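Next come the chains, spelled out residue by residue.
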Amino acid sequence: MALNILKKTAHISTIVLVSVTLLSACSGLGSKKEVNEFAGWSVDKIYTNARDEMTNKDYKRASQLLEATIAQYPFSAQSIQAQLELPYVFWKDDERTKALAAADRFIALNGSHPKVDYVYYLKGLINFNQNVSYLATLTGEQLNDRDPKAAKDSFEAFKTLVEKFPNSRYAKDSRERMRYLVNTMAKHETGVAQYYLERKAYVAAINRAQEVLRNYDGTPATEDALIIMVKAYEGLNLQDLRNDTFSVLKKNYPNTTMSLKPTSKSWLEMLGMRSDRKKALVEVPAPQ
């Protein structure tokens, strides 16, 4: 019996030993360092290759080389230039989140750089395209009631550029895009308000219309917002509020027909501007 116990103990010890060996092997594999492809490369070699890949429009490879420039030679002139170019390269590679993060990082680290206006413009443009991509298909039948955060972020980036750098080559285009964004945000609110009105959710319709009057007064959507409020007060049988609102509407829009603009058209048709990277002024910044 004692012999059997010894045999069982030896068998268990063997299993434990094999298990420990396998765990150690796995641990060793997990801790193995990744090979740095660019180890030993000079800063000029890495950065020049990055520029070549940008020219070739291989933006994924270009981003890898730019990140290697920054990581391996953080205090070099090429590193600063790489930081400037990285948001653009990510954007062209459809890496929106990375592009915005890289833009914010450049602004935080290089706020006095002579081309920081370019980064604000690019940041605004990235969000501008994101904003249009969903507002363009927003209709009464396919309501998108999300807060248009991309539009607001885009507006703020352009606004900062215009205020800090009024003479920037990007200022004129930024102002035009700001006007467009205000109109899209206002139209978004009236589109939602109209959606609620058509479904007899009158209180919700009034609340969204009032958002237009508070935040976007004077935009083309203001007339629609007032019309929606008049109709919603009628639906709630609140005649005094209906009459007061109608008086404001007639004073500001004496020729109003009380007809709401159809929501079946795309916002882009209504607002007369399309998002197109070719129209943007941004391009890969030239080396310093």
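Notes on the structure follow. (Residues numbered from 1 in each chain as written. Predicted model: local features only at pLDDT ≥ 70, side-chain atom pairs only at ≥ 80, totals over all residues. Heavy atoms only, no water.)

### So, the overall build of the protein chain
Here's step 1: Scanning the protein chain from N- to C-terminus turns up 12 helices and zero strands.
Here's step 2: In the protein chain, the succession of helices and strands from N to C terminus is α-α-α-α-α-α-α-α-α-α-α-α.
Here's step 3: Look at the contacts in the protein chain between residues 6 or more apart in sequence, and 65% of them connect residues 24 or more apart.
Here's step 4: For the protein chain, the computed accessible surface area is about 16200 Å², with 54% contributed by carbon and sulfur atoms. (Helix = DSSP H or I, 4+ residues; strand = E, 2+ residues; numbered from the N terminus. Contact = heavy atoms within 4.5 Å. Areas by Shrake-Rupley, 256 points an atom, 1.4 Å probe, with all protein chains shown as cover.)

### Looking at the nonpolar core
Here's step 1: Counting residues in hydrophobic clusters, the biggest one holds 59 residues, and the most contacted among them are Leu66, Tyr88, Val89, Trp91, Tyr118, Val119 and Leu181.
Here's step 2: With nine residues, helix 6 (residues 116–135) is the largest single contributor of residues to this core.
Here's step 3: Not counting residues up to four positions away in its chain, the partners in contact with Val119 are Leu84, Ala103, Phe106 and Ile107. (Core = buried A, V, L, I, M, F, W, Y, C linked by side-chain atoms within 4.5 Å. Buried < 20%, exposed > 50% of the residue type's maximum accessible area, 1.4 Å probe, protein only.)

### Some points on the pattern of salt bridges
Here's step 1: Applying the stated rule across the entire model yields 12 salt bridges.
Here's step 2: We note a salt bridge from Asp224 to Lys187, for which the minimum N-O separation is 3.2 Å. A residue pair is termed long-range when its members are at least 10 positions apart, and Asp224 in helix 10 (residues 221–235) and Lys187 in helix 8 (residues 171–198) qualify at 37 residues. Of the two residues, Asp224 and Lys187, neither departs from the other in class, the shared state being buried.
Here's step 3: When the shortest N-O distance is used, the salt bridge between Arg208 and Glu189 registers 2.8 Å. With Arg208 in helix 9 (residues 202–215) and Glu189 in helix 8, this residue pair connects regions lying 19 residues apart in the sequence.
Here's step 4: Owing to a relative accessible area of 10%, Glu189 belongs among the buried residues under this scheme. (Salt bridge = Lys/Arg side-chain N within 4 Å of Asp/Glu carboxyl O.)

### Regarding the environment of Tyr233
Here's step 1: Structurally, the position occupied by Tyr233 is in helix 10.
Here's step 2: The sequence separation of Tyr233 and Ile206 amounts to 27 residues, and the corresponding C-alpha distance is 8.0 Å.
Here's step 3: If we skip the residues at most four places from it in the chain, Tyr233 touches Ile206, Gln210, Leu238, Leu241, Arg242 and Thr245.

### Digging into the environment of Met258
Here's step 1: For Met258, the location among the structural elements is in the loop between helix 11 (239–252) and helix 12 (267–271).
Here's step 2: For Met258 and Lys231, which are 27 residues apart along the polypeptide, the C-alpha to C-alpha distance reads 9.1 Å.
Here's step 3: Once residues within four sequence positions are removed from consideration, Met258 is found in contact with Ile227, Val230, Lys231, Phe246 and Leu249.

### Quick word on a nonpolar patch on the surface
Here's step 1: A grouping of Val203, Leu236, Leu238 and Leu241 is seen on the molecular surface, where their side chains present a nonpolar patch of about 310 Å² in accessible area.
Here's step 2: Note on placement: Leu236 falls in the loop between helix 10 and helix 11. (Patch = residues over 30% accessible without salt bridge, like charges linked within 9 Å, V, L, I, M, F, W, Y side chains within 5 Å.)

### Structural notes on the packing of helix 2 (residues 43–55) against helix 3 (residues 59–72)
Helix-helix packing: each pair is described by the crossing angle between the helix axes and the interaxial distance.
Here's step 1: Across the interface, helix 2 lies against helix 3 with an axial gap of 8 Å and an inter-helix angle of 155°. Judged by the inter-axis angle, helix 2 sits roughly antiparallel to helix 3. Crossing handedness for the pair helix 2 and helix 3: left-handed. Contacts between helix 2 and helix 3 pair Val43, Ile46, Tyr47, Asn49, Ala50, Glu53 and Met54 from the former with Tyr59, Arg61, Ala62, Leu65, Leu66, Ala68, Thr69 and Gln72 from the latter. (Axes fitted to C-alpha atoms, helices over the stretch in contact; angles between N-to-C directions. Parallel < 35°, antiparallel > 145°, perpendicular 65-115°, else oblique. Left-handed = near helix turned anticlockwise from the far one by under 90°.)

### Some remarks on the packing of aromatic side chains
Here's step 1: Under the definition given, this model contains eight aromatic pairs.
Here's step 2: Ring plane angle 80° and centroid distance 5.2 Å describe the contact between Phe38 and Trp41, whose orientation is recorded as edge-to-face. Side by side, Phe38 and Trp41 carry an identical accessibility label, which is buried.
Here's step 3: Seen from their ring centres, Phe128 and Tyr180 are 5.2 Å apart, and the 50° between their planes marks the pair as tilted. With Phe128 in helix 6 and Tyr180 in helix 8, the pair connects residues that are 52 residues apart, well separated along the chain. In terms of burial, Phe128 and Tyr180 fall into one category: buried.
Here's step 4: Here the aromatic cluster, defined as three or more aromatic residues joined through ring pairs, consists of Tyr118, Tyr121, Phe158 and Tyr170.
Here's step 5: For the cation-ring pair, Lys92 lies above Trp91, with the distance from its terminal atom to the ring centre recorded as 5.7 Å. (Phe/Tyr/Trp six-rings, centres within 6.5 Å; stacked < 30°, edge-to-face > 60°. Lys NZ or Arg CZ within 6 Å of the ring centre and 35° of its normal.)

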